[in-house]
Amino acid sequence: MSHVYDLPLVTSLIYLAAAIAPAAFLLRFIYQNDTIEKEPGRLLVSLLFGGVLAALAAMVLEWIGEDLLIPSLPIREGTASAAIADAILVGISEEGAKLYFLKRRSWNQPAFNYRFDGVVYAVFVSLGFAAFENVIYVSQYGLSIALSRALLAIPAHLSFGVALGSYYGRAKVCDVYGDDAGTKFNLLHGFLSAASLHAFYDGCIMVNTGFSTLLFAVFVIVLFLSVYRRVKKESQQDYAI
């Protein structure tokens, strides 16, 4: 198993670039679609670091869940049920951690004054998470895993971020207009949407059957195309809060 810290400097930089570049490319895509008013650079950088903190928090939550929660369930290790339980744990832990740091770092920001800002903020947290996770994977397994993660895992985190951010922006609109029920509903809906998509994505991989692999391929194609259209639609229909 190779590690970045065991490699020459130039090779280490290549590994680092391979890990970060896909997230940077998708961040640029989202940033360009924020057409009315660009967000402050300092806030966006803070959200990226919030994603890193979310990744660390999710590791702890998953460790707790795998050691305490999963063993208590009436399922056998190595079965499809166990794989699905693991996928649900990952979806809830990772998207919950993202939402926590997203709300903590952006909810009361004066710059949060357009609905599409919710998508921008959520995606920056999600891709900060994904980039940090990708650095770990590439440092452990080398460039052989970089391409598959660039084509699948990183866009998947973008997709989860868009699902969360679409409702996060709506929650902020409700909050500004004093609709507490609408705020809570949209925050919950955003979290459940992102967590469900994440759990389904991971579950198809973890079950690892011919059918689940086929289902995964169809799911990914539909997900990525629908998210691309959703970003364009949310951007075009953006309005001031």
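Scroll up to find the structure this text is about.
A few points on the structure. Every chain begins its residue count from 1, and numbering advances along the sequence as written. A pLDDT threshold of at least 70 governs which residues receive local features in this predicted model, and a stricter bar of 80 or more applies before side-chain atom pairs are shown or counted, although totals over entire chains, interfaces and linings include all residues. Calculation of side-chain values draws on the structure's entire complement of heavy atoms; hydrogens and water are dropped beforehand.

Regarding the pattern of salt bridges
For this document, the term salt bridge refers to a Lys or Arg side-chain nitrogen within 4 Å of an Asp or Glu carboxyl oxygen. In this structure the tally under the stated criterion is five salt bridges. The salt bridge involving Arg170 is made with Glu234; its shortest N-O contact spans 3.0 Å. One end of the pair, Arg170, is in helix α5 (residues 146-176); the other, Glu234, is in helix α7 (residues 210-236), and 64 residues separate them in sequence. Type-normalised accessible area, obtained with a 1.4 Å probe on protein chains alone, sets the label of each residue: buried when under 20%, exposed when over 50%, and partly exposed for intermediate values. Since its relative accessible area comes to 7%, Glu234 is described here as buried. A salt bridge links Asp175 to Lys172, with the nearest nitrogen and oxygen atoms 3.9 Å apart. Separated by three residues within a single helix, Asp175 and Lys172 lie in helix α5, roughly one turn from each other. We classify Asp175 as partly exposed; its relative accessible area is 31%. Salt bridges sharing partners connect three or more residues here, namely Arg115, Arg170 and Glu234. Runs of E in the DSSP output that reach at least two residues are strands. Runs of H or I that reach at least four are helices, and both are numbered from the N terminus.

Remarks on the layout of surface pockets
The probe, sized like a water molecule, is rolled over the atoms to show the empty space still left. Put plainly, a pocket is an open set of points on a 1 Å grid over the protein atoms alone with protein on both sides within 12 Å along at least five of seven lines, a cavity is a set where a 1.4 Å probe fits but cannot get out, and a lining residue has an atom within 4 Å of a point. Grid points are joined across faces, edges and corners, and a volume is the space filled by probe spheres set on the points. Reported here for the largest pocket is a volume of approximately 660 Å³. For the largest pocket, the lining is made up of 25 residues, of which Glu94, Glu133, Tyr137, Arg149 and Asp202 are closest to its centre. Of all elements in the fold, only α2 (41-69), α3 (80-106), α4 (117-141), α5 and α6 (180-207) reach the threshold of two or more residues within the lining of the largest pocket. It is α5 that contributes the most residues to the lining of the largest pocket, seven residues altogether. For this classification, the nonpolar set comprises Ala, Val, Leu, Ile, Met, Phe, Trp, Tyr, Cys and Pro, the charged set comprises Asp, Glu, Lys and Arg, and every other residue, Gly included, is treated as polar. Of the residues belonging to the lining of the largest pocket, the class tally is 16 nonpolar, three polar and six charged.

What to know about α4
End to end, α4 covers 35 Å across 25 residues, agreeing with the expected 36 Å (1.5 Å per residue, within 8%). Along α4, 19 of the 25 residues are buried, which leaves the element largely enclosed by surrounding structure. To estimate the expected span of a helix, count its residues, drop one, and scale the result by 1.5 Å.

Examining the environment of Ile75
Tracing the backbone through its elements, the reader meets Ile75 in the loop between α2 and α3. When the C-alpha positions of Ile75 and Ser196 are compared, they lie 21 Å apart, and in sequence the two are 121 residues distant. A contact between two residues is defined here by any heavy atoms of the two lying within 4.5 Å. Those residues in contact with Ile75 that lie beyond four places of it in its chain are Ser81, Ala82 and Ala85.

Considerations on the packing of aromatic side chains
The pairing test for Phe, Tyr and Trp rings, Trp by its six-membered ring, is centres within 6.5 Å, and the orientation test on the planes gives stacked under 30 degrees, edge-to-face over 60, and tilted for anything in between. Applying the stated rule across the entire model yields 10 aromatic pairs. Taking 4.8 Å as the distance between ring centres and 55 degrees as the angle between the ring planes, the aromatic pair formed by Phe200 and Phe219 counts as tilted. With Phe200 in helix α6 and Phe219 in helix α7, this residue pair connects regions lying 19 residues apart in the sequence. A relative accessible area of 15% places Phe219 in the buried class. Taken together, Trp107, Phe112, Tyr121 and Tyr168 form an aromatic cluster joined through their ring pairs. Two conditions define a charge located above a ring, namely a distance within 6 Å from the ring centre to NZ of Lys or CZ of Arg, and an angle within 35 degrees of the ring normal. Positioned above the aromatic ring of Trp107 is the side chain of Lys103, whose terminal nitrogen or guanidinium carbon lies 4.8 Å from the ring centre. Geometry around Trp107 places Lys172 over its ring, the cationic atom sitting 4.9 Å from the centre.

Regarding the nonpolar core
Nonpolar side chains in soluble globular proteins tend to end up buried together. Core analysis: the largest hydrophobic core is formed by 45 residues, its most contacted members being Leu47, Leu102, Tyr121, Leu127 and Tyr201. Of all the elements, α4 adds the most residues to this core, at 10 residues. Setting aside residues up to four positions removed in sequence, Leu47 forms contacts with Leu102, Arg105, Ser106, Tyr121, Phe124 and Val125. Within this scheme, the nonpolar core is defined by two criteria: the residues are buried Ala, Val, Leu, Ile, Met, Phe, Trp, Tyr or Cys, and they are joined through side-chain atoms within 4.5 Å.

So, the environment of Gly161
Here Gly161 lies in helix α5. Overall, Gly161 belongs to the buried group, its relative accessible area being 2%. C-alpha separation for the pair Gly161 and Ile70, spaced 91 residues apart in sequence, amounts to 26 Å. The residues contacting Gly161, other than those within four sequence positions of it, are Ala122, Val123 and Ser126.

In short, the description is geometric, and any link to function would need to be established separately.
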